[in-house]
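Residue-level structural notes
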Amino acid sequence: MNAPAWRAPSASEPTLRGLALPNVRMGTAVDDRLLAEDERYRTTLASQFNAITPENAMKWSVLEPARDHYDWGAADRLVEFAEANGQAVYGHTLVWYGSLPSWIDESWSPSQVRAVLRKHVTTVASRYRGRVWAWDVVNEVLAEDGSLRDTIWLRKLGPGYIADAFRWAREADPDARLFINEYGTEGRTKKSDALWRLVRDLRAQGVPIQGVGFQSHLRADQPPTDILGNLRRFAALGVVVAVTELDVRLKLPATPEKLVSQASLYQRVLAACLAVPTCESFTVWGFTDAGSWIPHRYQGYGAACVFDMGMRPKPAHGALVAELRERESASPG
Ligand code: G3I
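Conventions and cut-offs
- Residues numbered from 1 in each chain as written.
- Predicted model: local features only at pLDDT ≥ 70, side-chain atom pairs only at ≥ 80, totals over all residues.
- Heavy atoms only, no water.
- Helix = DSSP H or I, 4+ residues; strand = E, 2+ residues; numbered from the N terminus.
- 1 Å grid on protein atoms, 1.4 Å probe; cavity = no way out; pocket = protein on both sides within 12 Å on 5 of 7 lines; lining within 4 Å.
- Points joined across faces, edges and corners; volume = space filled by probe spheres on them.
- Nonpolar A, V, L, I, M, F, W, Y, C, P; charged D, E, K, R; others polar.
- Buried < 20%, exposed > 50% of the residue type's maximum accessible area, 1.4 Å probe, protein only.
- Pairing = 2+ DSSP bridges.
- Expected span 1.5 Å × (residues − 1).
- Contact = heavy atoms within 4.5 Å.
- Salt bridge = Lys/Arg side-chain N within 4 Å of Asp/Glu carboxyl O.
- Disulfide = S-S within 2.5 Å.

1. A look at the environment of Phe179
Looking at the secondary structure, you find Phe179 in strand β5 (residues 177–182). Distance in space between the C-alpha atoms of Phe179 and Val321 is 27 Å, their sequence separation being 142 residues.

In structure tokens:
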């Protein structure tokens, strides 16, 4: 049986942004190409989400492909789209080992590396000052065993580069929420314990780290343990928490049963976020299977998003709507 053709949601149909609770942004990563090329994508994006994260447009290799030659085009277009549609922008990401421009040179001295890194953080955070509500200041600084990941930043600058990045970002933008963002830390794991200690220690040193982002690239058949307890222990450190890159990949084919188990994991993650008063945003890493990174990374896996290839809502979208409705009806007044 053919899937019904795509149509824009009617005013009476529930949307994630329509049901969003006042203190929890409902966001998605945005794919520049689909944003530029697909009207259905733009309509669904604007109608369903009140927050966005650039999937790639604010990464260093995109912003400064050649040294001192900036290409702000994709990032500016994305911020303008968000502002035109009343959406908050979550900046991703200032310091990462991935998607670095090819001109960054391992043979540089530590002071050269430090100067280049500081200039990048300052330039980018200053440009979007007042236009982003938060930044992933540092992304994926931990290795799987919880030790600090071996990156050019650690090799050249030592562990102190993390604290420095937060101080530089704070200087450039006094108002944006400053996050550390990580994966494989959504439940009680060795890596999550290490992240908890790192955040505790940075805060004890007075480093302006305000938020912890849990990427949440999950498998429907391997849910994290104690999602809520884990969020709560981080919140108890005095930071805000956020789900920053949620997708739930399925071993293909995506049968109706698998779509139901996917929906329940999406709902569980949202329920955990809504149960923590300082969980400030719930972001999916792309809302349509048409733009998902999963099939490129995990062979035989896919269908990870809440809308299908044709941008029609999947059971996961219904589960998120149900969770928001339940909270809405439970909240006083
Ligand atoms: O835009 C170029 C295009 O011009 C070129 O023809 C094409 C072929 O090489 O590459 C395109 O760039 C690709 C880009 O996605 C846009 O599609 C890059 O090669 C590719 O590496 C990049 O992948 C992104 C990846 O991060 C690396 O930056 C994924 O889309 C994105 O979903 C993924 O997101 C990361 C988060 O930033 C951090 N957490 C994990 C998450 C998943 O890996």
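There's more to say after this.
2. Points about the layout of surface pockets
Here the largest pocket is characterised by a volume of approximately 620 Å³. Around the largest pocket, the lining comprises 29 residues; the ones closest to its centre are Tyr183, Gln215, His217, Trp293 and Tyr298. For the lining of the largest pocket, the secondary-structure elements that each account for two or more residues are β7 (217–219) and β8 (240–251). By residue number, the principal contributor to the lining of the largest pocket is β7, which donates three residues. Of the residues in the lining of the largest pocket, the class split is nine nonpolar, twelve polar and eight charged. Around the second largest pocket, the lining is made up of 15 residues, and of these Arg7, Glu13, Met311, Arg312 and Pro313 lie nearest the centre. Class assignment of the residues belonging to the lining of the second largest pocket gives a composition of nine nonpolar, three polar and three charged.

3. Describing the pairing of strand β2 (residues 51–54)
Every second residue of β2 is oriented toward a common face, with Ala51 and Thr53 on one face and Ile52 and Pro54 on the other, all of them buried. Summarising the sheet, strand β1 (residues 25–30) and β2 pair through four bridges and their orientation is parallel. Paired with Gly27 across the strands is Ala51, a residue of β2. For β2 and strand β3 (residues 88–95), the ladder comprises two bridges, and the chain directions are parallel. Its bridge partner being in β3, Ala51 is matched across the sheet by Ala88.

4. Remarks on unusual backbone geometry
A negative phi angle characterises most non-glycine residues, just as the trans form characterises most peptide bonds. Cis geometry marks the peptide bond from His92 to Thr93; its omega dihedral reads -5 degrees. Here Thr93 lies in strand β3. Each neighbour pair has its own omega, and for Leu252 with Pro253 the value is 5 degrees, a cis peptide bond. Locating Pro253 in the fold gives a position in the loop between β8 and α11 (256–275). Positive phi is not limited to glycine here, since Ala303 has a value of about 50 degrees. Along the chain, Ala303 falls in the loop between β10 (301–302) and α13 (315–330).

5. Things to note about α11
One turn of an α-helix holds 3.6 residues; hence residues three or four places apart share an orientation. The end-to-end C-alpha distance of α11 is 29 Å, a good match for the 28 Å that 20 residues give at a rise of 1.5 Å each. When we look at burial in α11, the residues that qualify are Leu259, Gln262, Ala263, Leu265, Tyr266, Val269, Leu270, Ala271, Ala272, Cys273 and Leu274. Lining the buried residues of α11 we find β1, β7, α10 (227–235), β8, β9 (279–284) and α13.

6. Quick word on the pattern of salt bridges
Tallied over the entire structure, the rule returns 22 salt bridges. One salt bridge in this structure joins Glu171 and Arg118, with 3.3 Å as the shortest N-O distance. Of this pair, Glu171 sits in helix α8 (residues 161–172) while Arg118 sits in helix α6 (residues 110–127), and the two are 53 residues apart along the sequence. Beyond isolated ion pairs, a larger network of salt bridges with shared partners links Glu144, Arg149, Glu182 and Lys191.

7. Quick word on the state of the cysteines
Enumeration according to the criterion identifies one disulfide in this entry. Paired through a disulfide, Cys273 and Cys279 show a sulfur-sulfur distance of 2.1 Å. Across the S-S bond of Cys273 and Cys279 the torsion is about -95 degrees, and the bridge reads as left-handed. By the burial criterion, Cys273 is buried, and Cys279 matches it. Its sulfur unpaired, Cys305 is 18 Å from the next cysteine sulfur, which belongs to Cys273. Residue Cys305 is classed as buried on the basis of its relative accessible area of 0%.

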